[in-house]
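# Descriptive analysis of the structure
So you can see what is in the structure, the chains are spelled out below.
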Amino acid sequence: MLRWPQIFFRFVLAHLVIATSLGAQTTLFSDDAPLDLTLRGDIKTILNDRTKDGPYRPVVLTYTNENSQLVSIPLKVKTRGNFRRQKSNCRYPPLRLNFSKSKTPDNSLFAGQDKLKLVTPCQGEKYVIREFLVYQLYNILTDDSFKARLIRVKYQDDKEDEMPEPLYGIILEDEDLMAERLQGKIVKVNGLRPNKVEKEAFHRMAVFEYLIGNTDWSVQYRHNVKLVFKGSQIRPVSVPYDFAHAGIVGAPYAKPAEALQISSIRQRLYRGYCLESIEELETVFNFFEQKREEIYAM
């Protein structure tokens, strides 16, 4: 386990190599309109591959651009995740899209992308849409957040002639590009106590997780939280993701961890660290009050 001085040293090294250009960013996440895609390949084999380290398999992604032209991009896909990868839990496993920069057209929505997470419908599309809206809620509160794009994707198997119905899903911003957008860099270290990360961002995240009824996260174990060193800050910023088990999403498979001793994802439990007084959160509460109308509008 790294000690705090070692973490600071890594922070200094990381900032020496951070690119100053944000040229890899694309317009993929600049539009809130659902994006229609098709993934064509050996889809049945891909969706049935529920092993932990399944192989990447070739597919072709197609979509129609703003000029009504069909864009085709060859890439590789594999299943990912833990809970949602298990066939007993989810019909469709989440996927990882691996793009080749040399094979991705420079003028396409996916130019500059490397690996993107695709969230698929586990037990109903409405829960995917709800989770997408949670990402948008956090975008309202802060730029220290993942961008997400709602998609309608057709999974077209090479051996099937019939075109399947589209299913809703979410494409999540690449974590390294998210950090680059924030002019920072991801740090991968376990055991960092919550009171050692940037204070304002942590309290904002912890109150937000309480607001949506989500207990499925941890800074110490980097569980559904990314840590980003950015700018001249000496403490990393906590950036949450994966809200599938939040009470606001209400997925039927979601259950709180037994150790938390709560009976339902609808039962809130604050998971921030202990404070001497609740008044220390007054600034955060006031900030949320200022955003109340935007939150309810979303």
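Placed above this text is the structure.
Below is a summary of the structure that appears in this document. Here the structure is a predicted model, which means the values were calculated and not measured.

### Thoughts on the sheet that holds strand β2 (residues 57-64)
Taken in spatial order, the seven strands close into a barrel running β1-β2-β3-β4-β5-β7-β6, and their pairing is mixed. Looking at each pair of strands side by side, their axes are set apart by 40° on average, direction ignored. For strand β6 (residues 148-157) and strand β7 (residues 167-172), the ladder comprises six bridges, and the chain directions are antiparallel. Looking at β7, one finds that Val153 is bridged to Leu167. Helix-sheet contacts for helix α3 (residues 125-141) involve β5 (115-119), β6 and β7, and the interaxial angle to β7 is about 30°.

### So, the nonpolar core
Grouped together as the largest cluster of nonpolar side chains are 53 residues, with contacts concentrated most on Phe208 and Val219. In this view, Phe208 contacts Val134, Leu137, Tyr138, Leu141, Phe243 and Phe288; residues no more than four positions away in its chain are not counted. Counting 28 residues, the second largest nonpolar core, distinct from the first, contains Leu35, Leu95, Phe99 and Ile151.

### Focus on a negative patch on the surface
Residues Glu276, Glu279, Glu280 and Glu282 make up a contiguous surface patch of negative charge. Note on placement: Glu279 falls in the loop between β10 (237-240) and α6 (282-290).

### Quick notes on empty space enclosed by the protein
To find the voids left in a structure, one rolls a probe of water-molecule size over its atoms. Per the stated rule, a full pass over the model turns up one cavity of 30 Å³ or more. One number sums up the size of the largest cavity: a volume of about 50 Å³. If you go around the largest cavity, the residues you meet are Arg84, Thr120, Cys122, Gln123, Gly124, Tyr127, Val128, Glu131, Ala244, Val249 and Tyr253. Residues that form the lining of the largest cavity fall into these classes: six nonpolar, three polar and two charged.

### Brief notes about the packing of helix α5 (residues 199-211) against α6
Running from N to C, α5 and α6 point in directions that differ by 60°, and their axes come no closer than 10 Å. When the axis of α5 is compared with that of α6, the two are oblique. The element α5 and its partner α6 pack so that their crossing is right-handed. Each of His203, Arg204, Val207, Phe208 and Leu211 in α5 lies in contact with α6, whose residues at this interface are Val284, Phe285, Phe287 and Phe288.

Basis of the calculations
- Residues numbered from 1 in each chain as written.
- Predicted model: local features only at pLDDT ≥ 70, side-chain atom pairs only at ≥ 80, totals over all residues.
- Heavy atoms only, no water.
- Pairing = 2+ DSSP bridges.
- Helix = DSSP H or I, 4+ residues; strand = E, 2+ residues; numbered from the N terminus.
- Axes fitted to C-alpha atoms, helices over the stretch in contact; angles between N-to-C directions.
- Contact = heavy atoms within 4.5 Å.
- Core = buried A, V, L, I, M, F, W, Y, C linked by side-chain atoms within 4.5 Å.
- Buried < 20%, exposed > 50% of the residue type's maximum accessible area, 1.4 Å probe, protein only.
- Patch = residues over 30% accessible without salt bridge, like charges linked within 9 Å, V, L, I, M, F, W, Y side chains within 5 Å.
- Areas by Shrake-Rupley, 256 points an atom, 1.4 Å probe, with all protein chains shown as cover.
- Salt bridge = Lys/Arg side-chain N within 4 Å of Asp/Glu carboxyl O.
- Lys, Arg positive; Asp, Glu negative; His and termini not counted.
- Charge placed at Lys NZ, Arg CZ, Asp CG, Glu CD.
- 1 Å grid on protein atoms, 1.4 Å probe; cavity = no way out; pocket = protein on both sides within 12 Å on 5 of 7 lines; lining within 4 Å.
- Points joined across faces, edges and corners; volume = space filled by probe spheres on them.
- Nonpolar A, V, L, I, M, F, W, Y, C, P; charged D, E, K, R; others polar.
- Parallel < 35°, antiparallel > 145°, perpendicular 65-115°, else oblique.
- Left-handed = near helix turned anticlockwise from the far one by under 90°.

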